[in-house]
Structures are given as structure tokens and as C-alpha cells.
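So you can see what is in the structure, the chains are spelled out below.
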Amino acid sequence: MSTATTELRRFLIITGQRFKNGQSAPEMFSPAVDKAWHDLLGTPAYEALCQESAGRPIRHVANNGRGAIAWVTAYEEAYGPLPEIWFTDADGNVDRDAIARYRESGVVVAEWDCGPAGGDGDIAPDQPATDRR
């Protein structure tokens, strides 16, 4: 499993936990992890990954925004600090300044253009208020 796919799996686990607890969908701010997501969408492997990770189907939806990433603490509690892939674009370029800010502050402020939603007609909880683009 590639690093991006491993991180997608972790993201889907956090997504499932947040939905189960009535929390908003986590923000997908990594273009590299999102690329792995797009590569798997619509495949039997993706359906299996969702069931294994989140315990339910997870859709990929447009959701533009910018702000603090709300799920970083949950990630760190489960897996440790966010790895470099979260600060990498779809072409493999790493944003060293963003990593440094995160390592200094423990906070990630980023832009995103998509996120998860419940599957099979489930309605995911409302998104948090963000600075919309």
C-alpha cells in the first residue's frame, strides 16, 4: 500500500469516527492524498476500503473552504504527527513552510476543495463554518 493510500485509509477511519459521533466531515487538504482517493473512487477496492476503514460507504463531494483543520488532534492521538504526504501536492512537491508551521504550532491551516460525505443516501453532519473561497 502506498503512503498516500495508507493516509487515505487513516482519513477514512477518522471520517467514520466523526460521522458516528455526529461531527462534521473532515477536510481533505492534501492534494497527494486526494489524488489517491480519486484513483480509487468507483472501484470495488474503494468500496472495500470504506467498509474496512469507516464501516460504511463514503462519498467524495465538492466542499471548498479554508481554515484550521479540525481533525488533526484525532489523527495525532491515533497515529502521531501528520507525515509529509499531507503537505504534498499532486505532483509530489512538498510545502516545507506548511510543515514547519505545523511542527511549530501543532495547527494546520489550509485550503481544501473536497471532502467526504456519508454514502447510501446518508446525510453527513453539517460542515463547520469556514472562510469559503
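Computed from a predicted structure; not experimentally measured.

K.L.:
Quick question: what am I supposed to make of the packing of helix H1 (residues 3–20) against helix H3 (residues 44–54) here?
P.N.:
Geometrically, a packed helix pair is captured by the angle between its two axes and the distance between the axes. In contact at an axis separation of 8 Å, H1 and H3 are set at 55° when each is read in the N-to-C sense. Here H1 lies oblique to H3, going by the angle between them. In the packing of H1 onto H3, the handedness of the crossing is right-handed. Only Tyr 46, Leu 49, Cys 50, Glu 52, Ser 53 and Ala 54 of H3 make contact with H1, whose side of the interface consists of Leu 8, Arg 9, Leu 12, Ile 13 and Gly 16. The residue makeup of the contact of H1 with H3, split by class, is seven nonpolar, two polar and two charged.

K.L.:
What exactly am I supposed to notice about the packing of H1 against helix H2 (residues 31–40) here?
P.N.:
The contact between H1 and H2 brings their axes to 8 Å, and the two run at 85°. Taken together, the axes of H1 and H2 are roughly perpendicular relative to one another. For the pair formed by H1 and H2, the contact residues are Ala 4, Thr 5, Glu 7, Leu 8 and Phe 11 on the first element and Ala 32, Val 33, Ala 36, Trp 37 and Leu 40 on the second. Of the residues that constitute the contact of H1 with H2, the class distribution is eight nonpolar, one polar and one charged.

K.L.:
Is there a simple way to think about the nonpolar core in this case?
P.N.:
Soluble, globular proteins show a tendency: their nonpolar side chains are buried together. Of all hydrophobic cores here, the largest spans 34 residues; its most connected members are Phe 29, Trp 71, Leu 82, Trp 86, Phe 87 and Val 108. Listed by contribution, the elements that provide at least two residues to this core are H1, H2, H3, helix H4 (72–79), helix H5 (96–105) and strand S2 (109–118). With sequence-adjacent residues up to four places away left out, Phe 29 is seen in contact with Ile 69, Trp 71, Leu 82, Trp 86, Phe 87, Val 108, Ala 110, Glu 111 and Trp 112.

K.L.:
So what exactly am I meant to see when it comes to the pattern of salt bridges here?
P.N.:
Any two side chains of opposite charge can pair, given that their charged atoms come close. Scanning all chains against the criterion turns up four salt bridges. The partner of Glu 52 in a salt bridge is Arg 9, with the nearest N and O atoms 3.0 Å apart. In this pair, Glu 52 is assigned in helix H3 and Arg 9 in helix H1, connecting sequence segments 43 residues apart. Judged by its relative accessible area of 27%, Arg 9 is partly exposed. Between Glu 84 and Arg 96 there is a salt bridge whose closest N-O contact spans 2.6 Å. Within this pair, whereas Glu 84 is found in the loop between H4 and H5, its partner Arg 96 is found in helix H5, the two being separated by twelve residues in sequence. Owing to a relative accessible area of 34%, Glu 84 belongs among the partly exposed residues under this scheme. The exposed category is assigned to Arg 96, whose relative accessible area is 52%.

Cut-offs and rules
- Residues numbered from 1 in each chain as written.
- Predicted model: local features only at pLDDT ≥ 70, side-chain atom pairs only at ≥ 80, totals over all residues.
- Heavy atoms only, no water.
- Axes fitted to C-alpha atoms, helices over the stretch in contact; angles between N-to-C directions.
- Helix = DSSP H or I, 4+ residues; strand = E, 2+ residues; numbered from the N terminus.
- Parallel < 35°, antiparallel > 145°, perpendicular 65-115°, else oblique.
- Left-handed = near helix turned anticlockwise from the far one by under 90°.
- Contact = heavy atoms within 4.5 Å.
- Nonpolar A, V, L, I, M, F, W, Y, C, P; charged D, E, K, R; others polar.
- Core = buried A, V, L, I, M, F, W, Y, C linked by side-chain atoms within 4.5 Å.
- Buried < 20%, exposed > 50% of the residue type's maximum accessible area, 1.4 Å probe, protein only.
- Salt bridge = Lys/Arg side-chain N within 4 Å of Asp/Glu carboxyl O.

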